[in-house]
Each structure stands twice: as C-alpha cells, then as structure tokens.
Amino acid sequence: MLLAGIWSLAAQSAYTPLEKTFTITPSYSYKFFDRLRDSRGSRSLENFGINQIEQHNFTVSAEYGVTDDIAVDVSTGYVRSYSDGVFTPGDPEEIDGLSDTLIGTRWRFLNDAEFEKIWVPTLTARAGAILAGTYEEGFINSPGDGAFGFEYALLISDYFLDLGIGYYANLTHRARESVPDEFFGQVGIFKTLFKDFTVFTGYQRLQSLSGINVDSPQFTASNFQDLNEISDIIEYGVSYTDQGGRTYSIGAASVVGGKNVAESHTINVSATFSF
C-alpha cells in the first residue's frame, strides 16, 4: 500500500497486490489552465478568446492479484471539460463522456524483499490496452486524444525500511492509432511519517515521438491530437493509511515546461480499499 497514495500511478505501481487480493481506488481530479505553450513559448488563452478551461474527471481504478507477482488492472471513468470561450467558431464549449479505459497485466519479475542488499529494486513489467473514450477529441478542451492503442511499461521501485524512504520510476511507450506515439517517464521519492502518513514528490516527462506544432501551417483548430506534445510535470502530495489498511490521499501536479501543451494545474483526491 506504500504507493497507493501516489494518484498519478493509477495501478502502475511496481508493487503488485497479494494473491487473491482485490484493490479499488475511486478518485476525482480537477484540472484547469489558462495558458498554452507552443514552439516559441507560453501564450495566454486570452489571445484566442478564452479565459480558462476546466476539466473534471471521476475515475475508478481496480487491480487483482492473480498471484503474488502477477496482477491485472483496469481504470475507467467519466470526464467533463468546459471552456468559457471557443478557439474558433464551431468548437464545442462543453465536452463530456467516458474517459479512456486502460486494461493491463503486470508481472513482478524482481522483488526487492527477497534480497539482503538494499540497492536491489523491485522491477515489474506491464502490458496494456487503451480503449478510446466517448468524448469529442481534437479540440483544445478535449480531455484526451480519443485513440485506441497499446502501452508497454517498466515499473521500478524500492523502499528502505530503516530510513522510511523509497523511490518510484516508470518508463512507458504508448502506440495508438492515428496519433503520434508517446514516451512517458516518471521518477519520484516518498517518505513515511509518523507510521501512517506518506509524502511524495516527483517529476514526469511526456513526449510525443512525432507530430506538428501549434504554430505550424498544418495545424487546424480540430487536430490537437496530432500535436508533437512535450510536457514537463512536477507532482507532489500526501496520503494517510488508517488501521484498516485504507489509504486516503490528496495530490497536485503542474506543467512547468514543454511545448504544444496546456500549462495545466491538477488537484486530485482518492481513496484505496483492499479486500
């Protein structure tokens, strides 16, 4: 349960649940932004007649331990996005629908608990499918790219019990239809406090492997999913685990760099229960 409070992982932890253990995590996130980064730098959305774009996401993630080292996971939900203006005439101000659904299998092939040397990490491989949501894609306020595909990941983590400190990392490649492939990298540290609390902070990098720029001649108002998106993201938060093993968390993340990406800020609350 150490990484349950790191909401951005969403069943992407290197630690798999125990055999025949079912874990469910409902969560809510609120995202907003009023600036967009293109290839030349940051620009206010007021240049396009928009003050702010907001997004509400209700998600349920679940995982089941087939064995102590093999788990299956699924994540789905509902998303609603709202803009107080339109990028160009005809753009929808409100977009909602089912969010992208992620289905995957994880295999922990190296367990740090089985080694005396503290530098040996836990390594887990994951393969999964991406099922496109039902929202409208392609617009500046679209909550995703609306594309089917697959993703492959290497998940890394280690926890130094005597120090109460650990780290996590994630290397993921996503291949989807009709949109640029993506590489996603993540690294962070976490610290337990007073036995029941865990604080964490980390860095994420999302990078499309091809695509166009916002300010290129090929760009139109309805092909945001074709952008060469690069995002640098800082995340941080805190979680609390009660005596019954339930974990409650609050976290935040902000885009601090990149190009062809919204400079968004996200707040997330979640709870994790095991059966």
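As the structure is a prediction and not an experimental result, all values here were calculated from the model. (Residues numbered from 1 in each chain as written. Predicted model: local features only at pLDDT ≥ 70, side-chain atom pairs only at ≥ 80, totals over all residues. Heavy atoms only, no water.)

Caption draft 1: Inspection of the packing of aromatic side chains at higher detail. Scanning the model with the defined rule gives nine aromatic pairs in all. When the ring centre of F184 is taken as origin, the NZ or CZ atom of R174, which lies over that ring, is 5.3 Å away. (Phe/Tyr/Trp six-rings, centres within 6.5 Å; stacked < 30°, edge-to-face > 60°. Lys NZ or Arg CZ within 6 Å of the ring centre and 35° of its normal.)

Caption draft 2: Representation of the side chain of R108. With respect to the secondary-structure elements, R108 resides in strand β7 (residues 101–110). In this structure the side chain of R108 is engaged in a polar contact, spanning 3.0 Å, whose partner is the backbone oxygen of D68. (Helix = DSSP H or I, 4+ residues; strand = E, 2+ residues; numbered from the N terminus. Polar contact = N/O pair within 3.5 Å; in protein donor to acceptor, adjacent residues only side chain to side chain.)

Caption draft 3: Broad picture of the environment of Q218. Position of Q218 among the secondary structure elements: in the loop between β12 (197–208) and β13 (230–241). The exposure class assigned to Q218 is exposed, which follows from its relative accessible area of 53%. What Q218 contacts, discounting residues up to four positions off in sequence, is I212 and N223. (Buried < 20%, exposed > 50% of the residue type's maximum accessible area, 1.4 Å probe, protein only. Contact = heavy atoms within 4.5 Å.)

Caption draft 4: Seen up close, the sheet that holds strand β3 (residues 41–44). One open sheet holds the three strands; their spatial order is β3-β2-β15, and the pairing between them is antiparallel. In the strand order of this sheet, the two ends are held by β3 and β15 (261–262), each with one partner. In this sheet, β3 lies alongside strand β2 (residues 35–38) in antiparallel orientation, the contact comprising four bridges. Counterpart to R35 in the pairing with β3 is S44. (Pairing = 2+ DSSP bridges.)

Caption draft 5: Fine view of the side chain of S99. Relative to the assigned elements, S99 resides in the loop between β6 (94–98) and β7. Assessed through its relative accessible area of 9%, S99 is described here as buried. If near-sequence neighbours (up to four positions away) are discounted, S99 is found in contact with N57, T76, G77, Y78, V79, G133 and Y135.

Caption draft 6: Just the pattern of salt bridges, in detail. Within this structure, the stated rule accounts for 15 salt bridges. A salt bridge links E263 to R37; the nearest nitrogen and oxygen atoms lie 3.0 Å apart. Of this pair, E263 sits in the loop between β15 and β16 (265–274) while R37 sits in strand β2, placing them 226 residues apart in sequence. Judged by its relative accessible area of 14%, E263 is buried. A salt bridge links R174 to E182; its shortest N-O distance comes to 3.3 Å. The structure contains a network of salt bridges with shared partners spanning E63, D73, R106, R126, D145, E151, R174, R176 and E182. (Salt bridge = Lys/Arg side-chain N within 4 Å of Asp/Glu carboxyl O.)

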